[in-house]
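The residues making up each chain are set out below.
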Amino acid sequence: MRIAVISDTHDRYPEGFPARLQAADEIWHLGDVCDPSVLGEFAALGRPLTVVRGNCDDHFGWPEEADLERGGARFLLTHIPPPRAPSGFTAVLHGHTHVPRDETRAGVRWLNPGCVSRPRGADPSFAWLTVEAGKVTSWIIVPLSP
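Let me sum up the structure you'll find in this document. (Residues numbered from 1 in each chain as written. Predicted model: local features only at pLDDT ≥ 70, side-chain atom pairs only at ≥ 80, totals over all residues. Heavy atoms only, no water.)

1. Regarding the sheet that holds strand 9 (residues 125–132)
Right, so step 1: Sheet architecture is open: 5 strands sit in the order 3-2-1-9-10, paired in mixed fashion. The sheet terminates laterally at strand 3 (49–51) and strand 10 (135–143), the two strands that pair on one side only. The mean inter-strand angle of the sheet, taken between neighbouring strand axes irrespective of direction, is 20°.
Right, so step 2: Pairing between strand 1 (residues 2–6) and strand 2 (residues 26–29): 4 bridges, direction parallel. When the sheet's bridge partners are listed, Ile 6 is paired in strand 2 with His 29. (Pairing = 2+ DSSP bridges. Helix = DSSP H or I, 4+ residues; strand = E, 2+ residues; numbered from the N terminus. Axes fitted to C-alpha atoms, helices over the stretch in contact; angles between N-to-C directions.)

The structure is reproduced here in structure tokens:
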């Protein structure tokens, strides 16, 4: 399963960006969408779209966290990373920092795709997550042209 992971669009994204996600089986947005209409082109791709609410989001229809199981692996999607690794999860995916991350702590993988619109110390980015047989087999940060 190949999942496009994005975060922190903050009302905008580069022109043509949604088309780059056509190969995704799913799309996960880790918060700070801001204006829900920003999701229109992503939803139009026809892939399942999971969104969690960020600290800049006023859309209370989105959960603060999502607990998802894909390919036998369990994922916690949240905007602000929790202080400790939750038990029973393969990975915690978060946004908020605007900085890409791939780190393992207490046996849990912590992943951040970076920021689509306003990165800190790196190019704008998103990530491809590949899950097979209960494992994260690939996490690739993809830089976007500024």
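Okay, back to it.
2. Side note on the side chain of Thr 50
Right, so step 1: Note on placement: Thr 50 falls in strand 3.
Right, so step 2: Given a relative accessible area of 16%, Thr 50 falls into the buried group.
Right, so step 3: Those residues in contact with Thr 50, other than ones at most four positions away along the chain, are Glu 26, Ile 27, Trp 28, His 29, Ala 66, Leu 68 and Leu 77. (Buried < 20%, exposed > 50% of the residue type's maximum accessible area, 1.4 Å probe, protein only. Contact = heavy atoms within 4.5 Å.)

3. Some points on the pairing of strand 5 (residues 73–78)
Right, so step 1: Across the 6 residues that make up strand 5, a large majority, 5, are buried.
Right, so step 2: Relative to strand 5, strand 4 (residues 65–70) is paired through 6 bridges, and the arrangement is antiparallel. Each residue of the ladder has a partner; that of Asp 67, found in strand 5, is Leu 76.
Right, so step 3: The antiparallel pairing of strand 4 with strand 5 creates a hairpin that spans 2 residues between the two strands, and Gly 71 there sits at a positive phi of about 55°.
Right, so step 4: With 3 bridges connecting them, strand 5 and strand 6 (residues 91–93) associate as parallel partners. Bridging across to strand 6, Leu 76 finds its partner in Val 92.

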